[in-house]
Amino acid sequence: QFVCIGGSPSRMRAFIAYMAEELGLGSPGCDYPNICAGTDRYAMYKVGPVLSVSHGMGIPSISIMLHELIKLLYHAKCSNITIIRIGTSGGIGLEPGSVVITRQSVDATFKPQFEQVILGKTVIRSTNLDEQLAKELMQCSKEIGQFNTVIGNTMCTLDFYEGQARLDGAICLYNEEEKLQYLKEAYDSGVRNIEMESSVFAAMCNLSGVKAAVVCVTLLNRLEGDQISSSHDVLVEYQQRPQKLVGYFIKKSLGKV
């Protein structure tokens, strides 16, 4: 009924253990086997009505996983599914630790679309996400009341360095003034965070008729720099925030709140 996906296998394993505890379906120290242990492409864990899957980094990695996940859900005759991507991101104009619920994913030119070449022709697909689901998640955050949460656009890039206007990559042919101008243009267009998977995720869920959302925590404010300055313990707590929000949403949906 609920499929939660995120980049890291270890994070998705931690999430399924968290959900087992929250839903009263597991015992302390219980082990949750990787259903997809036969492949190195991604890890998959299940407890009760929740599936937790890793997708790696970037559009190609998550698109492969989504093709196979959507086929799996179809052959398993699953219906009324909600898929939520939980992850980390760079924020724009937000305090580190803020959670962004994506209204729509936009490309690096701030257009709400995913562009792909198929059979030699450019195909453009919509990247809007479920508006009602976003509102429900926002309401859940208000009920939790533990961290700042906003609904905004998410910019999905093809690269972590130049594609996200970083100055600290191996190659950089622009200056800080140009970088800040670009990021401010992104902010003015409604972008509140940057990551590398949301566009193809939104496009594929739209085409498959699956209700979907993206919930990412911001680890830094890109208007103030490119390097993360928070301590390891603080970052661990930040990364738990999307899990807490989505976990609460699942419990509420199941009538367990």
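How each quantity is defined
Residues numbered from 1 in each chain as written. Predicted model: local features only at pLDDT ≥ 70, side-chain atom pairs only at ≥ 80, totals over all residues. Heavy atoms only, no water. UniProt positions renumbered as here; feature names shortened; annotations may be inferred. 1 Å grid on protein atoms, 1.4 Å probe; cavity = no way out; pocket = protein on both sides within 12 Å on 5 of 7 lines; lining within 4 Å. Helix = DSSP H or I, 4+ residues; strand = E, 2+ residues; numbered from the N terminus. Contact = heavy atoms within 4.5 Å. Buried < 20%, exposed > 50% of the residue type's maximum accessible area, 1.4 Å probe, protein only. Phe/Tyr/Trp six-rings, centres within 6.5 Å; stacked < 30°, edge-to-face > 60°. Lys NZ or Arg CZ within 6 Å of the ring centre and 35° of its normal. Pairing = 2+ DSSP bridges. Salt bridge = Lys/Arg side-chain N within 4 Å of Asp/Glu carboxyl O.

Per an unreviewed UniProt entry, the recorded name for the protein is Uridine phosphorylase, and the organism is Pandion haliaetus. Among the UniProt annotations of the protein, the heading Pathway (unreviewed entry) holds the following wording: "Pyrimidine metabolism; UMP biosynthesis via salvage pathway; uracil from uridine (phosphorylase route): step 1/1." Checking UniProt for the protein, the heading Function (unreviewed entry) contains the comment "Catalyzes the reversible phosphorylytic cleavage of uridine to uracil and ribose-1-phosphate which can then be utilized as carbon and energy sources or in the rescue of pyrimidine bases for nucleotide synthesis. Shows broad substrate specificity and can also accept deoxyuridine and other analogous compounds."

A. Representation of the UniProt feature "binding site: substrate" (unreviewed entry) in the protein in the model. Feature annotation in UniProt assigns "binding site: substrate" (unreviewed entry) to the following positions: Gln164 and Arg166. Lining the largest pocket, from the residues just named, are Gln164 and Arg166. Mapped onto the fold, Gln164 is located in the loop between strand S8 (149–156) and helix H4 (176–188). Apart from residues no more than four positions distant in its own chain, Gln164 is found in contact with Thr157, Asp159, Leu183, Ile194, Glu195, Met196 and Arg222. Tracing the chain through its elements places Arg166 in the loop between S8 and H4. Here Arg166 falls in the buried class, since its relative accessible area comes to 5%.

B. Looking closely at the packing of aromatic side chains. Under the counting rule described, the total for this entry stands at three aromatic pairs. Judged by centre distance (5.1 Å) and plane angle (80 degrees), the ring pair of Phe160 and Tyr161 falls under edge-to-face. Overall, Tyr161 belongs to the partly exposed group, its relative accessible area being 37%. A cation over a ring is seen here: Arg166 above Phe160, with NZ or CZ 3.9 Å from the ring centre. When the ring centre of Tyr187 is taken as reference, the NZ or CZ atom of Arg192 above it lies at 3.7 Å.

C. How the structure looks around the pairing of strand S6 (residues 113–118). Looking at chain direction, S6 and strand S7 (residues 121–126) are connected through six bridges and run antiparallel. What sits directly across from Gln113, in S7, is Ser126. The antiparallel hairpin formed by S6 and S7 contains two residues in its connecting segment, where Leu119 sits at a positive phi of about 55 degrees.

D. Expanded view of the pattern of salt bridges. This structure, assessed with the given rule, holds 10 salt bridges. One salt bridge in this structure joins Glu68 and Arg41, with 2.8 Å as the shortest N-O distance. Taken together, the residues span a long stretch of sequence, with Glu68 in helix H2 (residues 59–75) and Arg41 in the loop between helix H1 (9–22) and strand S2 (44–47) at a distance of 27 residues. Judged by relative accessible area, which is 26%, Glu68 ranks as partly exposed. Taking relative accessible area as the criterion, Arg41 reaches 48% and is therefore assigned partly exposed.

E. The environment of Leu66, seen in detail. Relative to the elements of secondary structure, Leu66 occurs in helix H2. Taking the C-alpha atoms as reference, Leu66 lies 24 Å from Thr218; in sequence the two are 152 residues apart.

F. Structural view of the environment of Leu223. Note that Leu223 resides in the loop between strand S10 (211–221) and helix H6 (232–253). Residue classification places Leu223 among the partly exposed residues on the basis of a relative accessible area of 29%. In this structure the C-alpha to C-alpha distance between Leu223 and Val3, which are 220 residues apart in sequence, comes to 33 Å. Those residues within four positions of Leu223 in sequence are excluded, and the remaining contacts are Ile92, Gly93, Leu180, Leu183 and Lys184.

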